[in-house]
Each structure stands twice: as structure tokens, then as C-alpha cells.
Amino acid sequence: MQPPLIVGIRFQKVGKVYHFDASTCGDLRVGDFAVVDTTRGRQLGEVVQIVEDPVPPPEGSWKPINRRATARDLVMRQIWHKKEVEAMINCRAKLAELKIEGVKIVAAEFTFDGQRLSFLYSTETEGKVELRSLRNAMQRTYPRARVEMRQIGPRDVAKILGGMGACGLENRCCSMFLTEFSPISIKMAKEQGISLTPSELTGMCGRLRCCLVYEYEQYVAARKELPKRGKRVVTPEGEGKVLDVYPLKPAVLVELD
């Protein structure tokens, strides 16, 4: 039995890659576009990889690709994409009219066929805000689409808005290449000897910087092999005490007796 052809599809320029079964679509290649059914409606995405040895999904099987995208599909996606800014502005105006505070409309997203319209919003507090009146108002404004409100976190907001990073990079990492966010803790900063000053640790989103995870594993692995600060060691020059540790070199600074 011939194994299924599994491809990775991305729906946004810097977005997570999802795997689909392309066995019924012939010779689908990287760079082609395809139409698939997702939990958020029918979407159009770009094939970014051919998965050589796919790992079976934890539940069930891979979703099949609906069909290869046509030139008309690509044109329709561009048309609906241009209408997203207008929809976002209308939603912000209605939000102000209803006097709902503590909510920010970040973006609007149409599915490529215009059947579903999602408004992405963030809140000043962690709890949920009742937005039924806003959703109903926007549903009346866009009766042909199914309107939904979707809350996103501060990291997703920073990714969508883009802009300069806290470190001075012209574009934030999340907007350039991060397809998903890794869990980050203050322990990662301590392990790397980074100052625990809030301004040194937090990004423009107000959360711990994503880059704290980049070299964390290398630091942990190196520190397991190197002596800790204050330890007594023997060197070719004699016995001494470790003053500092440089995990990435790897090397230690020793004060000789």
C-alpha cells in the first residue's frame, strides 16, 4: 500500500504549519496553493513543505486537502483581504458606540471565500469580556458572513502589529520567523546570567522576551559539565577558585592561590 502524501500548509506569512493529506491532489509541490477545511471554516493556504516521514496524528488521521487552488481562488482571497481593514475600522467604531471599555480590536480576518469573518481582540484583564452585543451588531453589518469574536494574547497582538523589537531589531522576532510561542520562565534568565531587571527581560508585548529560550538548552548542557562559581579546582598552573563561568565557550575564570 502506497503511503499517503503529507504536506505542510501555512495560512499566514509567519504562521504555524499544519499537516494535510494531499494523496488525492496529484503532484502538489512546495509553493502551490490549496483549499482545505479547518475548524475555522474553509481556508486557502500555501504548501511550504513535503513531509517525508510523517508522524501519525494523536487522534484519527490527517485531514484531506479539498482541492488545488485555482486562479479565481487566489483573486478572491486578495479581494476579501482588502476588505479586512474596512471591517476592523467598522468594528472599532461600533465598539466605541457601545461604550465597551477594556477591549481592543486588533485585526479582522475573512476566510478566502468570505463565508466567515473573525474579529481578533485583546483585553486589559485576563478575564473574558461579554461581547455578544458587539458580535450581533457586526453580524447585522455583514449578514452574508458568519461573524465570530476571538480573543488573543499579548504575544499574538505584538506579532500581528509588528514593529521594532525591544532589543533594537527593526522587526520583532515574532513577526519575522516565530511560527509559535514557546513557554518561557524567569528561570531561563537566571540560568543564562541575565540581569533580572524588568526592562531587560520584557519585550514590547509586556511578556518575557521570546529570545530567552534561544540559547537556554546550550547553557543548561554546558553548566552540567563545568564547575560552579566558588568551587575549588586544579589547573595546570596550580589550585584555585572558580570566579566565573562562560558556558558557551566553554571556559571558566580561575583565581590561582
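Residues numbered from 1 in each chain as written. Predicted model: local features only at pLDDT ≥ 70, side-chain atom pairs only at ≥ 80, totals over all residues. Heavy atoms only, no water.

Some details on the overall build of the chain
For the chain, the helix and strand inventory stands at seven helices and eleven strands. For 257 residues, the compact-globule formula gives about 18 Å, and the C-alpha radius of gyration of the chain, at 25 Å, lies well above that figure. With the C-alpha coordinates aligned to their principal axes, the bounding extent of the chain is approximately 80 × 60 × 35 Å. Split into buried and exposed, the 257 residues of the chain put 34% on the buried side. Counted over contacts in the chain with a minimum sequence separation of 6, partners at least 24 positions apart contribute 54%. Accessible area of the chain: about 16600 Å², with a carbon and sulfur share of 52%. (Helix = DSSP H or I, 4+ residues; strand = E, 2+ residues; numbered from the N terminus. Rg over C-alpha atoms; globule rule 2.2 N^0.38 Å. Buried < 20%, exposed > 50% of the residue type's maximum accessible area, 1.4 Å probe, protein only. Contact = heavy atoms within 4.5 Å. Areas by Shrake-Rupley, 256 points an atom, 1.4 Å probe, with all protein chains shown as cover.)

Regarding the layout of surface pockets
Size it by volume and the second largest pocket reaches roughly 280 Å³. Lining the second largest pocket are 18 residues, and of these Arg172, Cys173, Gly203, Arg209 and Cys210 lie nearest its centre. Looking at side-chain class alone, the lining of the second largest pocket contains twelve nonpolar, three polar and three charged residues. (1 Å grid on protein atoms, 1.4 Å probe; cavity = no way out; pocket = protein on both sides within 12 Å on 5 of 7 lines; lining within 4 Å. Points joined across faces, edges and corners; volume = space filled by probe spheres on them. Nonpolar A, V, L, I, M, F, W, Y, C, P; charged D, E, K, R; others polar.)

What about the packing of helix α1 (residues 71-97) against helix α2 (residues 132-141)?
Interhelical geometry of α1 versus α2 gives an angle of 135° and a closest axis separation of 10 Å. By the angle between their directions, the pair α1 and α2 is classed as oblique. Our pair here, α1 against α2, has a crossing hand that is right-handed. On α2, the residues that touch Ala87, Asn90, Cys91, Lys94 and Leu95 of α1 are Leu134, Ala137 and Met138. Residues belonging to the contact of α1 with α2 are distributed by class as follows: six nonpolar, one polar and one charged. (Axes fitted to C-alpha atoms, helices over the stretch in contact; angles between N-to-C directions. Parallel < 35°, antiparallel > 145°, perpendicular 65-115°, else oblique. Left-handed = near helix turned anticlockwise from the far one by under 90°.)

Some remarks on the nonpolar core
When a protein is soluble and globular, its nonpolar side chains tend to lie buried together. Core analysis: the largest hydrophobic core is formed by 20 residues, its most contacted members being Ile105, Leu117, Phe119, Leu134 and Met149. Per element, the largest residue contribution to this core is five residues, and it comes from α1. The residues contacting isoleucine 105, other than those within four sequence positions of it, are Met88, Cys91, Arg92, Leu95, Phe119, Leu120, Tyr121, Leu134 and Met149. Counting eleven residues, the second largest nonpolar core, distinct from the first, contains Cys174, Leu178, Met188 and Tyr216. (Core = buried A, V, L, I, M, F, W, Y, C linked by side-chain atoms within 4.5 Å.)

Things to note about the environment of leucine 253
Relative to the elements of secondary structure, leucine 253 occurs in strand β11 (residues 251-256). Residue class for leucine 253 comes out partly exposed when judged on its relative accessible area of 38%. Distance in space between the C-alpha atoms of leucine 253 and cysteine 174 is 36 Å, their sequence separation being 79 residues. Once you skip the residues sitting within four places of it in the chain, leucine 253 turns out to touch Lys241, Val242, Leu243, Asp244 and Tyr246.

Section: the pairing of strand β3 (residues 33-38)
The pairing of β3 with strand β4 (residues 41-51) spans six bridges and is classified as antiparallel. The residue bridging threonine 38 from the neighbouring strand is glycine 41, located in β4. Where β3 hands over to β4, the hairpin turn is made up of two residues, counted between the paired strands. Here two bridges tie β3 to strand β5 (residues 67-68), and the two strands are oriented antiparallel to one another. Paired with alanine 34 across the two strands is arginine 68, which belongs to β5. (Pairing = 2+ DSSP bridges.)

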